[in-house]
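# Structural overview
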Amino acid sequence: MYKCPTTHQPIVLKIIPIEGDLLVNGESQKRFDEILQEIVISLELSALRNGKDNATDGFVNVKRVTCVQGAYPEHLIDEWELYRDNRTEGSDNDHPEIFPDDQLYVVFELCNGGKDLEAFVFNNAAEAQSVFLQVSVEIAFIWVFSGVLGDFGTSTQSLNSPN
């Protein structure tokens, strides 16, 4: 998480290397067509906060998405190392210095959505249940009101129907 130099608001940068031949975290890098799906879904979910009839702020706000090329900036490498060094489990991701100077990246600039659930420690079952219910309600919202998931699961036709 960083502070935006102009607004001083906290932002999160999700930096995804794309179109390269180098394995990242043991996997092939995504291609443009694969990352496009993530971009569209992220923007659609973010836009749900602006709905006229139905709205939710249950998804992280995407400020912008850009495609950049070049060497990984030194100040972001420093921030990555600070993040890694301040976590007892380190980082799940490869060090960004592995990338060539002509690497392509898709960068998501996101509002701070809070602590990630992977790192969150629940104090009791009620907290876990609360998070489960909140996530369930958000999934139901996009399923019913947004059309983001298409017609999947919204059919009213009975399973026993001859049609």
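Residues numbered from 1 in each chain as written. Predicted model: local features only at pLDDT ≥ 70, side-chain atom pairs only at ≥ 80, totals over all residues. Heavy atoms only, no water.

## Observations regarding the pairing of strand E4 (residues 104-111)
Across a regular strand the side chains alternate sides, sitting on one face of the sheet and then on the other. Here E4 lies mainly inside the structure; six of its eight residues are buried. Relative to E4, strand E2 (residues 10-18) runs antiparallel, the two sharing eight bridges. Bridge pairing in E4 links Lys14 to Phe108. Two elements, strand E3 (residues 62-69) and E4, share seven bridges in a ladder whose sense is antiparallel. (Buried < 20%, exposed > 50% of the residue type's maximum accessible area, 1.4 Å probe, protein only. Helix = DSSP H or I, 4+ residues; strand = E, 2+ residues; numbered from the N terminus. Pairing = 2+ DSSP bridges.)

## Looking at unusual backbone geometry
Notably, Glu19 is not glycine yet its phi reads approximately 65°, a positive angle. One can find Glu19 in the loop between E2 and helix H1 (32-47). Judged by its relative accessible area of 31%, Glu19 falls in the partly exposed class.

## Digging into the confidence of the model for the chain
Averaged over the chain, the pLDDT score is 85; the fraction of residues at 70 or greater is 85%. In this model residues 152-163 is a low-confidence stretch, pLDDT under 50, and it forms four contacts with partners more than four residues away in sequence or in other chains. (pLDDT = per-residue confidence, 0-100. Contact = heavy atoms within 4.5 Å.)

## Some details on the nonpolar core
Ranked by size, the top nonpolar core spans eight residues in total: Ile16, Ile18, Ile35, Ile39, Val62, Val106, Phe108 and Leu110. Elements that contribute at least two residues to this core include exactly E2, H1 and E4. Among the elements that line this core, the one with the most residues is E4, at three residues. Among the nonpolar cores identified, the runner-up in size contains seven residues, and Tyr72, Leu76, Tyr105 and Val107 belong to it. (Core = buried A, V, L, I, M, F, W, Y, C linked by side-chain atoms within 4.5 Å.)

## Describing a nonpolar patch on the surface
A cluster of nonpolar side chains, Leu117, Phe120, Phe122, Val135 and Ile139, forms an exposed patch at the surface whose accessible area comes to about 410 Å². Inspection of the secondary structure assignment puts Val135 in helix H3 (residues 125-146). (Patch = residues over 30% accessible without salt bridge, like charges linked within 9 Å, V, L, I, M, F, W, Y side chains within 5 Å. Areas by Shrake-Rupley, 256 points an atom, 1.4 Å probe, with all protein chains shown as cover. Salt bridge = Lys/Arg side-chain N within 4 Å of Asp/Glu carboxyl O.)

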